[in-house]
Amino acid sequence: MSVLVLVEVEEGRTSLVSREALTFARALGAGDVHAVVVGAASAATVADCRDAGVAVVHEAVDPALDRYAAAAWAAVVEAAGRAARADLVVAPGTGRGNEVLAHVAARRGLQMAANVVSVTSLAPLVVERQVVGGAALERATVSSRVRLLTMAGHAVEPSPAATPGEARVSPLAVPVDPRDMRAQVVRVERREKGDSAGLAGARVVVGAGRGAGGPDGFAAVDALAERLGGAVGVSRVVTSLGWRPHHEQVGQTGSRIAPDLYLACGISGSIQHWAGCASSRTIIAVNTDAEAPMVTKADYAVIGDMHEVLPAVLDELG
Amino acid sequence: MSNVLVCVKRVPDPTGEVVLTPDGMRVDGRFAGYTTSPHEEAAVALAVAVAEASEGTVTVLSVGPPESIEQIRAALAVGGTDGILVEADSDLLGPADVAAAIAEAVQARQAAGTTYDLVLLGNDAADTGDFQVGVRLSYLLDRPVVAGIQTVEVDGDVATLRGEGPEGTEVYEVTLPAVATVLEGGVTPRYPSVMGRMRAKKAEVETRTWSGSPAGSGREALVVPEPPPSQVTVLGEGAAAAPALVAVLRELKVVQR
Ligand SMILES: Cc1cc2nc3c(=O)[nH]c(=O)nc-3n(C[C@H](O)[C@H](O)[C@H](O)COP(=O)(O)OP(=O)(O)OC[C@H]3O[C@@H](n4cnc5c(N)ncnc54)[C@H](O)[C@@H]3O)c2cc1C
Ligand SMILES: Nc1ncnc2c1ncn2[C@@H]1O[C@H](COP(=O)(O)O)[C@@H](O)[C@H]1O
């Protein structure tokens, strides 16, 4: 018996959530940990897997897999699951991780639990997972023959294994079925600078919510983001009202950010907004309401009108 | 002409404080009220746009208690044509059950002569967040599925769908009939007009039941975690707090000069 982890690679590096998933899988103590990667496993990925204690890295290399197709990825995960004799499959709770495991679940008639934060029992498998946008946890039994889990981000801290794994690379032959290519990415329109990719990776995010007051209320927010070399992030109220574009939205239905500093101005800090900014290292809230959740959950706060506080901060910075 | 089916779920409004029923098995929506996910609102807006462009129809479907008619009517008010209510206690259903109930309704319509070229769902429901009903449905209907799209355009029997991927906007072209799950952000939600509300009241909503027996969701209990005690350091009030705030910025080394 073993645990198979779907490892996602971003710009040649094992993604953070994938490393979290590997750590989680190892900590279960439910047998050897195997990894599966779509495409050639880079030296960096193999090294990350070794550090994480992975026994075998299954790699699926096939030109047909160059274009992302969730069903074809699912076929790869199924083949790796068979090779690994896995009875548990773990994927990062990303768009792809959730999508691919949902395909595996549908194809094999298996149960899948999304956004898992912990496992409370292995037999039967009982998990705790985030529901209602993170406002509640659901304890659920996952009882199919093979169990499929996706991991909520930052549920565990990635850590190296006490003894590194062998991380033996094992090529996986996956004949790609044309039916699994019916829905495939036909082209990628590269991102322009300054949109959500910049937001997700920004070291500093200056946030603004309804407190901005209107589409003209962002001058100081933009200026401060510029001054700090950061990005602007907004609440859903701001995008729904059309004050700013959706790609700037932070939260459950927007971008997840993890900056060193999140300066959240005129944002109440609803659970759905918090879902996107909880991983910020330091949060400073600027809000007229000292009781707003954004204030009580922040590290630092200034109580006051953002239209007075931000210009004064810009002045002070010179 | 495109016929679009869009699936919406009645969920307790999650924006306020989340209160559980005494048995801890469900979110109590009696005080907060009920709504649908923003993703589903986006799906409805896309469905209406696709149908408008081709003089097609939009059928709004929900699996749930009789009160789900409110969510169906809300979607009808922004441009839907008719509705299907599959009556069930959605708390007893897991994502595979919901997909099966939707598939059965689609197949019944098909047998009666209506094929849905496009079925749109939310990417994930606002309450259970299972991330799988749409994908499961596509296999039951044997159709291609694209998850997490933000826009869709239909030209003849090909749909072009766009969504955000790790490296940029990913474009899919699929042959209809197809299934897609929607993330908000690519379309402005529609707001009902008075006319729309009147039309919605009169629109036909078929009520049906699902013939399958539920596998269930595996839920044992819900818990609302206690918020950790506040650790906030208040730096001051108003503009007078600017120097203290800037001192923190310098301490955090986020000020370059
Ligand atoms: C399924 C679902 C998903 C959602 N996803 C997201 C998401 O991804 N992102 C998101 O942000 N929301 C999301 N929401 C919406 C969320 O629940 C809140 O409605 C939203 O975050 C509130 O935005 P806000 O804080 O800007 O506005 P409000 O809640 O109205 O808060 C405004 C805040 O500004 C303060 N304020 C007012 N004037 C000033 C001033 N002059 N100076 C300083 N402070 C001032 C007020 O005290 C208040 O705290 C989602 C909701 C649902 C149901
Ligand atoms: N009971 C339901 N009735 C209608 N549609 C539903 C229901 N449950 C889920 N869906 C649809 O499936 C999507 C994904 O749900 P889920 O897989 O449960 O996260 C939702 O956004 C809805 O569009």
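Model, not experiment: these values are computed from the prediction.

S.K.: How do you make sense of the site of ligand 1 when you look at a structure like this?
M.R.: Residues and elements named next belong to chain A. Of all residues adjacent to ligand 1, which total 29 residues, the nearest are Arg-210, Ser-235, Val-250, Ser-268 and Asn-287. A distance of 3.0 Å separates an oxygen atom of ligand 1 from a polar side-chain atom of Gln-249. Here Gly-254 contributes a backbone N or O atom positioned 3.4 Å from an oxygen atom of ligand 1. When ligand 1 sits alone it has 980 Å² of accessible area, and the protein chains cover 84% of it. Every element with two or more residues in the shell around ligand 1 is listed here: α7 (236-240) and α8 (271-277).

S.K.: Sorry, what's going on with the pairing of strand β13 (residues 204-208) of chain A here?
M.R.: Along any regular strand the residues' side chains alternate between the sheet's two faces. Residues and elements named next belong to chain A. Burial runs high along β13: 5 of the 5 residues are buried. Covered by surrounding structure in β13 are Val-204, Val-206 and Ala-208 together with Val-205 and Gly-207, the residues of both alternating faces. Across 5 bridges, the pairing between β13 and strand β15 (residues 261-265) is parallel. In the strand pairing of β15, Val-206 is matched with Leu-263. Regarding topology, helix α6 (residues 219-227) serves as the crossover connection from β13 to the parallel strand β14 (residues 231-234), and that connection is right-handed.

S.K.: What am I meant to see in the domain arrangement of chain A here?
M.R.: Where interface size is given, it is often the accessible area lost as the parts come together that is meant. Residue and element names in this part refer to chain A. Split by domain assignment, chain A resolves into domain 1 (2-181) and domain 2 (204-317). Averaged C-alpha coordinates put domain 1 and domain 2 at centres separated by 34 Å. Counting residues at the interface gives 4 residues for domain 1, matched by 4 residues for domain 2. Across the domain 1 to domain 2 interface the summed buried area is about 320 Å²; carbon plus sulfur atoms make up 57%. Per-residue buried area on domain 1 facing domain 2 is highest for Gly-133, Ala-135 and His-154; these three make up 83% of the total on that side.

S.K.: Mind showing me how you'd approach the interface of chain A and chain B here?
M.R.: The interface of chain A with chain B comprises 70 residues on the first partner and 72 residues on the second. Roughly 6,200 Å² is buried in total at the junction of chain A and chain B, and carbon and sulfur atoms are behind 54% of that figure. Taken as a group, Val-132, Arg-182 and Arg-191 of chain A account for 9% of the area that chain A buries against chain B, more than any other trio of residues on that side. At the junction of chain A and chain B, the tally comes to 9 salt bridges. Arg-162 of chain B serves as the salt-bridge partner of Glu-189 of chain A, at 2.9 Å between the closest nitrogen and oxygen. Linking chain A with chain B are 33 residue pairs in polar contact (both at pLDDT 80 or more). If you tally residues by element for the side of chain A that touches chain B, the top one is helix α4 (residues 95-108) of chain A, at 8 residues. The residue inventory of the side of chain A that touches chain B, partitioned by class, reads 35 nonpolar, 16 polar and 19 charged. Here 4 bridges tie strand β17 (residues 300-303) of chain A to strand β14 (residues 233-237) of chain B, and the two strands are oriented parallel to one another.

S.K.: I would appreciate a short explanation of helix α4 (residues 133-141) of chain B in the present structure.
M.R.: Two residues of an α-helix separated by three or four positions point the same way, owing to the 3.6 residues in each turn. Of all 9 residues in α4 of chain B, 7 are buried; the element is thus mostly enclosed. Those residues of α4 of chain B that sit buried are Val-133, Gly-134, Val-135, Arg-136, Leu-137, Ser-138 and Leu-141 of chain B. Looking at the buried side of α4 of chain B, the elements it contacts are α4 and β7 (111-121) of chain A together with α3 (95-111), β6 (118-122), β7 (145-149) and β11 (178-182) of chain B. Directly beyond the C-terminal end of α4 of chain B, a positive phi value near 55° is found at Asp-142 of chain B.

S.K.: In this structure, what is going on with the site of ligand 2? I would like to understand it.
M.R.: Residue and element names in this part refer to chain B. As a structural note, the neighbourhood of ligand 2 is formed by 18 residues, with Cys-7, Glu-40, Val-63, Gly-122 and Ala-125 the closest of them. Between Cys-7 and ligand 2, the recorded distance is 2.7 Å, taken from a backbone N or O atom to an oxygen atom. Here Val-133 contributes a backbone N or O atom positioned 2.9 Å from an oxygen atom of ligand 2. Protein chains bury 99% of the 480 Å² of accessible surface belonging to ligand 2 in isolation.

S.K.: How do you make sense of the nonpolar core when you look at a structure like this?
M.R.: Val-77 and Leu-148 of chain A together with Leu-120 and Leu-161 of chain B are the most contacted members of the largest nonpolar core, which totals 73 residues. Sorting elements by how many residues they give to this core places helix α3 (residues 70-84) of chain A first, with 10 residues. With residues up to four places along the chain from it excluded, the contact list for Leu-148 of chain A reads Val-89, Leu-101, Val-104, Ala-105, Leu-110, Gln-111, Met-112 and Ala-113 of chain A. Ranked by size, the runner-up nonpolar core spans 36 residues in total, among them Leu-224, Leu-261, Met-306 and Val-309 of chain A.

S.K.: What am I meant to see in the environment of Gly-64 of chain B here?
M.R.: All names here are of chain B. Here Gly-64 shows up in strand β4 (residues 57-64). Look at Gly-64 and you get buried, because its relative accessible area is 0%. Linking Gly-64 and Val-11, residues 53 residues apart in sequence, is a C-alpha distance of 9.6 Å. Look past the residues within four positions of Gly-64 in its chain and what remains in contact with it is Leu-85, Val-86, Glu-87, Ala-88 and Ser-90.

S.K.: In this structure, what is going on with α4 of chain A? I would like to understand it.
M.R.: Residue and element names in this part refer to chain A. Taking 1.5 Å of rise per residue, the 14 residues of α4 would be expected to cover 20 Å, and the 20 Å separating its terminal C-alpha atoms lies within 8% of that figure. Of all 14 residues that make up α4, 10 are buried, and the element is covered over most of its length. Listing the buried residues of α4 in full gives Arg-96, Gly-97, Asn-98, Glu-99, Val-100, Leu-101, Ala-102, His-103, Val-104 and Ala-105. Immediately downstream of α4, the backbone of Gly-109 shows phi near 65°, a positive value.

So, how was this worked out
Residues numbered from 1 in each chain as written. Chains lettered and ligands numbered in written order. Predicted model: local features only at pLDDT ≥ 70, side-chain atom pairs only at ≥ 80, totals over all residues. Heavy atoms only, no water. Near = heavy atom within 4 Å. Polar contact = N/O pair within 3.5 Å; in protein donor to acceptor, adjacent residues only side chain to side chain. Areas by Shrake-Rupley, 256 points an atom, 1.4 Å probe, with all protein chains shown as cover. Helix = DSSP H or I, 4+ residues; strand = E, 2+ residues; numbered from the N terminus. Buried < 20%, exposed > 50% of the residue type's maximum accessible area, 1.4 Å probe, protein only. Pairing = 2+ DSSP bridges. Right-handed = clockwise from strand over helix to strand, strands pointing away. Domains from an automatic or database assignment. Contact = heavy atoms within 4.5 Å. Buried area = accessible area lost by both parts, 1.4 Å probe. Salt bridge = Lys/Arg side-chain N within 4 Å of Asp/Glu carboxyl O. Nonpolar A, V, L, I, M, F, W, Y, C, P; charged D, E, K, R; others polar. Core = buried A, V, L, I, M, F, W, Y, C linked by side-chain atoms within 4.5 Å. Expected span 1.5 Å × (residues − 1).

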